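# Structural description and commentary
If you want the building blocks of each chain, they are given just below.
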There are 2 protein chains.
Amino acid sequence: MTETYTLHEDPRSGNCYKIKLTAALLGIPLAIQQYDIMRGETRTPEFLASINPNGRIPVLQITDGEERFLPESNAACWYLASGSQLIPGDRYEQANMLRWMFFEQYNHEPNVATLRFWLYFVGEANLSKEQRGLIMAKRVAGEAALQLMDQHLATRDFMAYGAVTLADIALFAYTHVAEEGGFGLGDYPNIRSWIARIEALPNFVPMA
Amino acid sequence: MTETYTLHEDPRSGNCYKIKLTAALLGIPLAIQQYDIMRGETRTPEFLASINPNGRIPVLQITDGEERFLPESNAACWYLASGSQLIPGDRYEQANMLRWMFFEQYNHEPNVATLRFWLYFVGEANLSKEQRGLIMAKRVAGEAALQLMDQHLATRDFMAYGAVTLADIALFAYTHVAEEGGFGLGDYPNIRSWIARIEALPNFVPMA
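Now for a look at the structure at hand. Here the structure is a predicted model, which means the values were calculated and not measured.

Let us look at the nonpolar core. Counting residues in hydrophobic clusters, the biggest one holds 125 residues, and the most contacted among them are Leu166 and Trp194 of chain A together with Leu166 and Trp194 of chain B. Ignoring any residue separated from it by four or fewer positions in sequence, one finds Trp194 of chain B in contact with Met149, Leu153, Asp157, Phe158, Met159, Asp168, Leu171, Phe172 and Thr175 of chain B.

Further remarks concern the packing of helix H3 (residues 73-81) of chain A against helix H4 (residues 91-122) of chain B. Closest axis-to-axis distance for the H3 of chain A/H4 of chain B pair is 8 Å, and the angle between their directions is 160 degrees. On the basis of the axis angle, H3 of chain A is roughly antiparallel to H4 of chain B. The chirality of how H3 of chain A crosses H4 of chain B is right-handed. Within the contact between the two elements, H3 of chain A uses Asn74, Ala75, Trp78, Tyr79 and Leu80 of chain A and H4 of chain B uses Arg91, Tyr92, Gln94, Ala95, Leu98, Arg99 and Phe102 of chain B. The residue makeup of the contact of H3 of chain A with H4 of chain B, split by class, is eight nonpolar, two polar and two charged.

Next up on the list: the relation of the copies chain A and chain B. Put simply, the two copies of the chain differ by a rotation about an axis and a shift along that axis. Once chain A has been moved 0.0 Å along the axis and rotated by 180 degrees, it coincides with chain B to within an RMSD of 0.0 Å. On this basis, the relationship between the two copies can be described by a two-fold rotation axis. Judged by C-alpha distance, Tyr106 of chain A is the residue of chain A that lies nearest the rotation axis, at 3.0 Å. Most of the interface of chain A is mirrored in chain B: 100% of its interface residues are interface residues there too.

Listed as interface residues are 36 residues of chain A and, on the opposing side, 36 residues of chain B. At the boundary of chain A with chain B, total buried surface from both sides reaches about 3400 Å², with 63% on carbon and sulfur atoms. If you sort the residues of chain A by the area they bury against chain B, Arg91, Phe102 and Tyr106 of chain A come out on top, with a joint share of 23%. At the boundary of chain A with chain B, the tally comes to zero salt bridges. Seen at the junction of chain A and chain B, the total is eight residue pairs in polar contact (both at pLDDT 80 or more). Those elements giving two or more residues to the side of chain A that touches chain B turn out to be strand S4 (66-71), H3, helix H4 (91-122) and helix H5 (129-152) of chain A. Per-element tally for the side of chain A that touches chain B: the top contributor is H4 of chain A, with 15 residues. A breakdown of the residues in the side of chain A that touches chain B according to their chemical character gives 20 nonpolar, nine polar and seven charged.

What counts, and at which threshold
- Residues numbered from 1 in each chain as written.
- Chains lettered and ligands numbered in written order.
- Predicted model: local features only at pLDDT ≥ 70, side-chain atom pairs only at ≥ 80, totals over all residues.
- Heavy atoms only, no water.
- Core = buried A, V, L, I, M, F, W, Y, C linked by side-chain atoms within 4.5 Å.
- Buried < 20%, exposed > 50% of the residue type's maximum accessible area, 1.4 Å probe, protein only.
- Contact = heavy atoms within 4.5 Å.
- Axes fitted to C-alpha atoms, helices over the stretch in contact; angles between N-to-C directions.
- Helix = DSSP H or I, 4+ residues; strand = E, 2+ residues; numbered from the N terminus.
- Parallel < 35°, antiparallel > 145°, perpendicular 65-115°, else oblique.
- Left-handed = near helix turned anticlockwise from the far one by under 90°.
- Nonpolar A, V, L, I, M, F, W, Y, C, P; charged D, E, K, R; others polar.
- Least-squares fit on C-alpha atoms with pLDDT ≥ 70 in both.
- Buried area = accessible area lost by both parts, 1.4 Å probe.
- Salt bridge = Lys/Arg side-chain N within 4 Å of Asp/Glu carboxyl O.
- Polar contact = N/O pair within 3.5 Å; in protein donor to acceptor, adjacent residues only side chain to side chain.

Rendered as structure tokens:
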């Protein structure tokens, strides 16, 4: 029996887009089940009980006789890309790719993605006082993450390796729409060239 | 030439401890280079230029004719444990292990570890107004992460698999000292049993 995949997602989410881009680059078909995170559709009792007790998307559903549910965008990308050229085979290169994927979740996403969500989708006027008080710290930390990427890309075509890997896909997702969160990519020429390289990959698909 | 390893670390950091515990369980010798993060010793121009441009520890230095520097605790654990029984060989189990390691960096560490650092090492009186304003949100999010773990461990001995993996090591580091951040483990009986199982592993080493 061939495995099939269903992605539980919200098309506005860059974390969901990572999985769609990985699947597209590898030619893997994905069925899509959409949720509206703004309406709490991933916090219902049904979703928590059967899809993800953490109440978050994306979740990759793997169907193969049984049903398995894999949360965490970067873990789902790892699953789909396992054994492909998107994951280097060399021990150090593999760990170095994961290094940038953990950097993405710790240093980049909570700042670059969160400000995009707050300012572009929720709207500054609708933020809580606590959220508004965090904008400046997230701005500074997000710029630091982008600056580190730009400096790293000054001497490399891709983040972790001589060719595209999951590290590029993970970081591309929210970097290429960082301007929606008020980050100016004009200051980061190496990031801009890297974005163009990724958009030129065979089978590339844009974010919805 | 045999590879040798130097861990650039602060012994108070759970992220550094993850790597020491991984190495101990696998019988891998690690040289130690200590820094005091409270004195900014990982933000000096020398550190940024030669160890980690992100200004953070841990960094695993791999010496094998050349010198390579691998930041991000979970990536360093992956490197050391590559090919060992701490990483399941099965494709799904491997992705599921990484799922919990990404959960650790996104949902657990920024709350459970940060409150421990602020309350136990910095001291509440020395926090900035912004930091003090974040304590409640981090308390709620940290309890949610612990609750999810406890619920998950109700029907399992280990987080990702039938035996200990890097997911357990990553989550153990800050969970077993969560009370230093004001989290009461009394509410989480399954976590307490899991902590006892990890502490009983052959070659286990405690945090400094």
